[in-house]
Amino acid sequence: MKIRFELMIGILLVVGGAGLWLFARDAEFFWFRGGPLGVILAIIGAFDIVNAVRTRGTVTPERRHD
């Protein structure tokens, strides 16, 4: 379930970043401009997607309850 959540967050960041970059390049959010902020969000989302897909096949060891 955690992997799906990470993947969904990554996809939302990429889509939101692409939307900002394409449609709100000149808009200002506080001191951020839409274009560069969209690129940064898309890059962070891409890293999140790669991390979620890369860790999908690995199995985490279970905790010991001593």
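Quick caveat: nothing in here was measured; it's all calculated off a predicted structure.

Taken residue by residue, the protein gives an average pLDDT of 79. The fraction at 70 or more is 77%. Per-element mean pLDDT across the protein ranges from 70 in strand β1 (residues 28–29) up to 86 in helix α2 (residues 34–54).

Moving on: the environment of G34. Relative to the helices and strands, G34 is located in helix α2. Taking the C-alpha atoms as reference points, G34 and G19, 15 residues apart in sequence, are found 9.1 Å from one another.

Moving on, we get to α2. Its 21 residues place the ends of α2 30 Å apart at the C-alpha level, agreeing with the 30 Å of an ideal helix rising 1.5 Å per residue. Within the span of α2, buried status applies to G34, G35, G38, G45, D48 and A52. The buried residues of α2 occupy an angular sector of 145° when the element is viewed end-on, so they sit on one face. More than 90 degrees from the buried face of α2, the exposed residues found are P36, F47, V50 and R54.

What follows is about a nonpolar patch on the surface. There is a patch of nonpolar side chains on the surface, built from W21, L22, F23, V39, I43 and F47 and spanning about 670 Å² of accessible area. At the level of secondary structure, the elements contributing two or more residues to the nonpolar patch comprise α1 (2–23) and α2. Mapping I43 onto the fold places it in helix α2. For I43, a relative accessible area of 43% puts it in the partly exposed group.

Cut-offs applied
Every chain is numbered independently, its residues counted from 1 as its sequence is written. Where local features are concerned, this predicted model is filtered to residues with pLDDT of at least 70; where side-chain atom pairs are given and counted, the filter is 80 or more; whole-chain, interface and lining totals use all residues. Side-chain calculation: all heavy atoms of the structure are included, whereas hydrogens and water are not. The predictor reports its confidence for every residue as pLDDT, a score running from 0 up to 100. Helix and strand assignments follow DSSP, with helices taken as H or I runs no shorter than four residues and strands as E runs no shorter than two, numbered in order from the N terminus. Under the convention used throughout, the expected extent of a helix is 1.5 Å for every residue step, that is, one less than its residue count. Each residue is assigned to one of three classes by its accessible area relative to the maximum for its type, calculated with a 1.4 Å probe on protein chains only: buried under 20%, partly exposed between the two thresholds, exposed over 50%. The arc refers to the directions leading from the helix axis to the C-beta atoms. A residue counts toward a patch only above 30% relative accessible area and without a salt bridge, and it is joined to like-charged neighbours within 9 Å or, for Val, Leu, Ile, Met, Phe, Trp and Tyr, to nonpolar neighbours within 5 Å. Areas reported as accessible are Shrake-Rupley estimates using a 1.4 Å probe. Residue values count occlusion only from the protein chains shown. Counted as salt bridges are all cases of a side-chain nitrogen of Lys or Arg within 4 Å of a carboxyl oxygen of Asp or Glu.

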